[in-house]
Every structure is written in C-alpha cells, then in structure tokens.
Number of protein chains: 2
Amino acid sequence: VGSGKPGATAGPSFQQRLLRAQQGAHSLLCVGLDPDLARFPASLRNGKDVAEAIVAFNTGVIAATSDLASVFKPNLGFYLAHGEAGISALVETRRLVPRHIPVLLDAKVGDIGITAEGYAAGYFDAWGFDAVTVNPYLGEDSLEPFLRRPDKGVIVVCKTSNPGSGDLQDLSTRMGDRDQALFLTVAERVRAWSERWPASLGLVVGATYPTELEAVRRRAPDLPILLPGVGAQAGDLEASLRAGLDATGGGLMVSASRAILYPPVSDDADWTVPVRAAAIELRDRINAARPARVGA
Amino acid sequence: VGSGKPGATAGPSFQQRLLRAQQGAHSLLCVGLDPDLARFPASLRNGKDVAEAIVAFNTGVIAATSDLASVFKPNLGFYLAHGEAGISALVETRRLVPRHIPVLLDAKVGDIGITAEGYAAGYFDAWGFDAVTVNPYLGEDSLEPFLRRPDKGVIVVCKTSNPGSGDLQDLSTRMGDRDQALFLTVAERVRAWSERWPASLGLVVGATYPTELEAVRRRAPDLPILLPGVGAQAGDLEASLRAGLDATGGGLMVSASRAILYPPVSDDADWTVPVRAAAIELRDRINAARPARVGA
C-alpha cells in the first residue's frame, strides 16, 4: 500500500516498513551498531584487519539480535574514524541486516545544494540505507534531496540527549504572539514537512529529557521518534515511554548501543550471549511499559 | 608565538597559520576541492579508477593555485559519495597540499559525546586536517572534542547561503529584553566560546546575505569568517567584502569551488590553465575591494 502522500509510489514508505518490523518482532528496540575496537572481544581483534574485525563484530551482533530489533542504526562517526576500512565495513554492515529490518544511518547530515544531493545519493542509493538522521539548522531546502524520496526516512534532530543540548535548542523563539523553545518550533516544522514531502519524517529526542519529549509528542502525534540515551547515557526509560509513545502504543525507536554491544563478558567465545541477553532485557522493559493489547 | 588563550601551546594557532598564509600569498582566496567526476577533463577519467581520477584532478588544481590560495577546503560530501575510493582520495588530497597552507575539511559535523570524539580523532589526528566546519544546533558541549584543540580551527555554521537558510536561522530569539535572529545569537555564542576554548573559532556566512554578514561582523569583529557562495551561487562579492572584512582588511576566507574548478575548457591537455586564470581573477577582484596598505 502507498502512503497517500505527495509523490508516494506503490511501494511501502519507511514508516510503513518500520511499523511492520515493529509489529513482526513485537519490539520497539533499535540496536545501535557503533563499533569500538577497544571493547571488542579479543578473538575478533586478533589477526584481523580493522574492516574484518568490525564486520565480524557486527555479524555477531546482528545474528544475536535480529529477532529482537525492529531497526538497526549504525552511527557514521564510528566508521569514519577508521577511514577507508571503516567505510568498507559500514557498506558491508548494511548488507548483513535481514531485508525485513530497516537500517537507519545516523549521520546527522546538514549541507546544501549539490553537496546534499551527494550525501543523499551516497547514503540512499550507493549504500542502500533506508533512512538517515539530519540536522535542521540549514533549513527545509537543504533537506530536499532526502525529503523527496517516497521510500526513505528522514529523522530530524530535534532535542538531543547531551547536557548542553539546550544552548540553542531551548532558546525562546517568537512564533506569532507566543514564545516557545526552538526544539518545539523544529517539531512543528517537521510535522508540517511530513504533510508536503514524500519521505517519512521523524524526530530525534533524547531519553534524558522526558518532559521535552512529551511536549514534542503533543505537537507531532503521528511521527516516529528516535529515542537515544536510554542505555549508557542513563535516561529514564519508563518516563520516556510514558511521554513518547503514540496513541497506538508505538511510534518510538528506542535506541541503545553501548549498553547492548558491550555488556560484561565472562566467556570470550560466547560473547554474543550477553549481547542477546541485554537486548532481550531492554525489549522486555520497553514492552512492559507499553499499554496492553495495542497493535505492535 | 602562542595565542595567549586558555590551553594554548607554544605552536601557532589555526588563526595564526591562516593569517600567515593570507599575508604570504596576499590572498583571501579559499579554493574548494569538490570533485565532480562528470565535469573532469576526459584525460583524467580515461583508464583511471575513481580514487586515481580524483587525486589526479586535485593534484592539478592544487599545483595551479597553491600560490594563489591561502586555504584549501575539500567538502566531505563530494568524497563520501564515492565510498571507500572517495575517502582514500580525500586522505591523499590532504597530503598534496603544501605544508604552509591550512586545509579546512567542510564536514558540518554535529554529533555528541563519544561520536564527536570519533569525528575529531578522525578528521584532526588520523587525517591531519587543520580545521573543520561544524553545526551549532547540538550545543557547546557537543563541540568540545574540537574546541579543546589549541592547534585547530572550528568554523561554525552561522548563516548559510541557501535560499531557505532563514527557516531556522532567521527565527526571532529572545535574549534578555530584546529579540534577535537565531544566527546572530549563534554569532554571539561563538564569539564567547572563542574566549574560553583553546581552538581558533570562526563562522560560516554565505555571500548571498551581505546585510546579515555585516550584522555578524559587528558581533564578532575578530573572528575569521568563511564566505561561500561567491561563485556558482552568485552572491555579491563586493557587497560581501564591504560587509565582512575586519578592521585589518582581512578576516575572510572567500571560498569558491565550481567557479574555479570547472571553467569552460578549450584544450583538454591544458585544463589547469583556465583553472589558474579563474583563481587569479577572483583573488584580484577580492584584493581590489580591500582597503589599500593593510596588513595581509
């Protein structure tokens, strides 16, 4: 089924594929694929080059969690840090994910014109990602190469999880006769963009700010929200779920990376066992906080 | 000489190296190294793989302009679009630039925590760039891995050259008892950061907005400003120079990419001749608009 939006094709939108994956796995879990070689099991580091080690690690993580995750999210920074080898591993990682699970590239893109076209061509077409995170500061036209794609997702940074996110995001902006925080204005803009562009729009809101998340959800009741910061950054998971779940009890991609990828390991040979256990625990904590008998 | 700022070392700051290069070349010209294979001379495309073709093109451009440019600026998007081969070419391009000319990576980075650390380690240490462009939306702490480097430059996106840059950047923000556009608040923040962080701070302001540039310059009288949009984007060069030059008649990196890289070519074998001619013309137009008998 098409999405009924401008430019939509017969194929499913990113939001539809995400919903299908969430319902199929009964899970809102987004597993971040952020390789940190220093924390890899020793068996993956020995005798391998960087690209091989990253691919071996991600292969293990994906195999251990692909029935638990409804989206995978590699962060470009962890791959670019290794130059060519990292990019090679990123492209291969995309191919490792089963086809029914969407893959969101966390690149926080923000550039204009022909450069933005280049990023969109690279991330969507050459590398085959289903969605990207983008930065809104350069304006709607800067995002056009992403927004015009009916089959893709564009997840816009709104309120980030870091302590200093308020520097700009909390600035009071004047909208008509009222003042509101900049991140709320961003949420309203993205909601409006979602009605006039073919792509599936979404927002990034950190789990460290549940009050702000609730205000974003009020302004964007039907947009998927990527929720980082529940793991190593110690955001409040239950408060964030109460604040961020949509009317169907879904609408969130609850993202954890380090907390799942690098649990305490007792046996190097079985390093994926605690990875899987950490993913199960988080999936179940999420589901326990969702209202009973809803769709996904 | 050190910069006298917190954390400064005995080595020169990015701003000092930039000033030295500008004075040495008597030029404020920044040459953008944005490879577009479809526009390369045929001799560079035939029989070469992508990385070789890009390196051959950049080698020719750098050789033809290194006495005319005071900074080179590759834009990451043009390299990432080619995956591994592009990254390989980008790293090699960095090595091609003579040591006395700083190289600014236009990556518009914006991420947090350990990811931002990864980008800084990659761009500054592994790849050896002297400065990067960054996006301010995620706040001061997101930029800390860049800001704490006394030898590096951090050029913050402020008012971009695209038609829709005002979507967020022109929003009216309340600062105490007055309202001002968000990009001016960004300029004031960056000015304040420049006094408490070791790195050299700067701003990006598009040449398509000379009035806004003048307002930024008033708030940041001593920061270097990267001025894109004078070439293919058809900003007003002379108006921008009047608005943006600092009290010494310098303080700008006037950036052109396509207008220099891809002039009409009559003889494929001598393709660098019109490249050099375009760079000379722009350098001279810039110098003609600068006050006489000033430093650089």
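Look a little higher up for the structure.
Residues numbered from 1 in each chain as written. Chains lettered and ligands numbered in written order. Predicted model: local features only at pLDDT ≥ 70, side-chain atom pairs only at ≥ 80, totals over all residues. Heavy atoms only, no water.

### Observations regarding the overall build of chain A
The test is simple: Helix and strand labels come from DSSP, where a helix needs a run of H or I of at least four residues and a strand needs a run of E of at least two; each type is numbered from the N terminus. In this description the radius of gyration comes from C-alpha coordinates, and the expected globular size is given by 2.2 Å times residues to the power 0.38. Burial classes follow relative accessibility: with a 1.4 Å probe on protein chains only, a residue under 20% of its type's maximum area counts as buried, one over 50% as exposed, and anything between as partly exposed. In what follows, residue pairs with any heavy atoms lying within 4.5 Å of each other are defined as contacts.
The secondary structure content of chain A amounts to 13 helices and 10 strands. For a compact globule of 296 residues, the expected C-alpha radius of gyration is about 19 Å, and chain A comes in at 19 Å, within 12% of that figure. Along the longest, intermediate and shortest principal axes, the C-alpha atoms of chain A span 60 × 45 × 40 Å. Across the 296 residues of chain A, 60% fall into the buried class. By sequence separation, contacts in chain A at least 24 residues apart represent 71% of the contacts at least 6 residues apart.

### Details of the packing of aromatic side chains
For the record, the criterion: Two rings from Phe, Tyr or Trp (for Trp, the six-membered ring) form a pair when their centres sit within 6.5 Å of each other. Planes less than 30 degrees apart are called stacked, planes more than 60 degrees apart edge-to-face, and all others tilted.
In total, this model carries 12 aromatic pairs over all chains according to the counting rule given. Pairing tyrosine 123 of chain A with tryptophan 127 of chain A gives two aromatic rings, centres 5.5 Å apart and planes at 50°, and the pair type is tilted. Note on tryptophan 127 of chain A: relative accessible area 7%, which makes it buried. Taking the centre distance of 4.2 Å and the plane angle of 15° together, the rings of phenylalanine 40 of chain B and phenylalanine 57 of chain B count as stacked. Remark: phenylalanine 57 of chain B occurs in helix H3 (residues 50-65) and phenylalanine 40 of chain B occurs in the loop between strand S1 (29-33) and helix H2 (42-45); sequence separation between them is 17 residues. Judged by its relative accessible area of 0%, phenylalanine 57 of chain B is buried. Ring pairing ties together the aromatic residues Phe40, Phe57, Tyr262 and Trp271 of chain A, which thus form one cluster.

### Overview of the relation of the copies chain A and chain B
So the rule is basically this: Copies are brought into register by a least-squares superposition over C-alpha atoms of residues with pLDDT of at least 70 in both.
For the pair chain A and chain B, the relating rotation is 180°, the translation along its axis is 0.0 Å, and the fit reaches an RMSD of 0.0 Å. Both chain copies can therefore be described as sitting about a two-fold axis.

### Some remarks on unusual backbone geometry
Excluding glycine, residues mostly carry a negative phi; peptide bonds, for their part, are mostly trans. Residue and element names in this part refer to chain A. Backbone geometry at histidine 26 places phi at a positive 45°, although glycine is not the residue there. Along the chain, histidine 26 turns up in the loop between helix H1 (14-25) and strand S1 (29-33). Within the chain, lysine 108 stands out as a residue other than glycine whose phi angle is a positive 45°. On the secondary structure map, lysine 108 appears in strand S3 (residues 104-109).

### Quick notes on the pairing of S1 of chain B
All names here are of chain B. The cut-off we apply is this: DSSP bridges decide pairing: two strands pair if at least two such bridges lie between them.
With respect to burial, S1 is a largely interior element, 5 of its 5 residues being buried. Of the two faces of S1, the one carrying Leu29, Val31 and Leu33 and the one carrying Cys30 and Gly32 are both buried. Bridging between S1 and strand S10 (residues 252-256) involves 3 bridges; their strand directions are parallel. If you follow cysteine 30 over to S10, its bridge partner there is serine 255. For S1 and strand S2 (residues 71-74), the ladder comprises 4 bridges, and the chain directions are parallel. Along S2, the bridge assignment pairs cysteine 30 with valine 71.

### So, the environment of serine 13 of chain B
Mapped onto the elements, serine 13 of chain B comes out in the segment before helix H1 (14-25). In this structure serine 13 of chain B comes out as buried when scored by relative accessible area, which is 5%.

### What to know about the pattern of salt bridges
What counts, and what does not: Salt bridge criterion: a side-chain nitrogen from Lys or Arg within 4 Å of a carboxyl oxygen from Asp or Glu.
On inspection of all chains with the given rule, the structure shows 42 salt bridges over all chains. A salt bridge links lysine 159 of chain A to aspartate 170 of chain A, with the nearest nitrogen and oxygen atoms 2.9 Å apart. Residue lysine 159 of chain A is found in strand S5 (residues 153-159), and its partner aspartate 170 of chain A is found in the loop between helix H8 (166-169) and strand S6 (172-175); the two are separated by 11 residues along the sequence. Judged by its relative accessible area of 0%, lysine 159 of chain A is buried. For aspartate 170 of chain A, a relative accessible area of 37% gives the class partly exposed. With a closest N to O distance of 3.7 Å, arginine 178 of chain A and glutamate 188 of chain A form a salt bridge. One end of the pair, arginine 178 of chain A, is in strand S7 (residues 178-181); the other, glutamate 188 of chain A, is in helix H9 (residues 182-196), with 10 residues separating them in the sequence. By relative accessible area, which is 38% here, arginine 178 of chain A ends up partly exposed. Accessibility expressed as a relative area gives 24% for glutamate 188 of chain A, which makes it partly exposed. Each of Lys73, Asp106 and Lys108 of chain A together with Asp111 of chain B takes part in a single network of salt bridges with overlapping partners.

### Some thoughts on the packing of H3 of chain B against helix H5 (residues 83-96) of chain B
Residues and elements named next belong to chain B. So the rule is basically this: For helices, the axis comes from a line fit to the C-alpha atoms of the stretch in contact; other axes are also lines fit to C-alpha atoms, and the angle between any two N-to-C directions lies between 0 and 180 degrees. If an angle is under 35 degrees, it is roughly parallel; if it is over 145, roughly antiparallel; if it lies from 65 to 115, roughly perpendicular; otherwise it is oblique. The handedness criterion is simple: a crossing whose near helix is rotated anticlockwise from the far helix by less than a right angle is left-handed, and one whose near helix is rotated clockwise is right-handed. Residues are grouped as follows: Ala, Val, Leu, Ile, Met, Phe, Trp, Tyr, Cys and Pro are nonpolar; Asp, Glu, Lys and Arg are charged; all remaining types, including Gly, are polar.
Between H3 and H5, the least distance of the axes is 8 Å, while the angle of their chain directions is 25°. By the criterion of interaxial angle, the relationship of H3 to H5 is roughly parallel. Here H3 and H5 pass one another in a crossing that is right-handed. Seen from H3, the contacting residues are Val50, Ala51, Ile54, Val55, Asn58, Thr59 and Ile62; seen from H5, they are Ala85, Ser88, Ala89, Glu92, Thr93 and Leu96. Its residues assigned to classes, the contact of H3 with H5 shows 8 nonpolar, 4 polar and 1 charged.

### Considerations on the interface of chain A and chain B
How we decide: Two parts placed together each lose some accessible area under a 1.4 Å probe, and the buried area is that loss summed for both. Within 3.5 Å is the distance limit for a polar contact, defined as a pair of N or O atoms, with the added protein rule that one can donate a hydrogen and the other accept it, and that residues adjacent in sequence qualify only through two side-chain atoms.
Each partner contributes residues to the interface: chain A has 56 residues there, and chain B has 56 residues. For the pair chain A and chain B, the two sides together bury roughly 4,500 Å², of which 60% comes from carbon and sulfur. By the criterion of area lost to chain B, the three top residues of chain A are Leu80, Tyr137 and Leu168 of chain A, representing 16% of everything that side buries. Linking chain A to chain B there are 4 salt bridges. Here arginine 174 of chain B and aspartate 179 of chain A are joined by a salt bridge, their closest N and O atoms 3.8 Å apart. Linking chain A with chain B are 23 residue pairs in polar contact (both at pLDDT 80 or more), by the criterion used here. Of all the secondary structure elements, the ones that give two or more residues to the side of chain A that touches chain B are helix H4 (76-80), helix H5 (83-96), S3, helix H6 (113-126), S5, H8, S6 and H9 of chain A.

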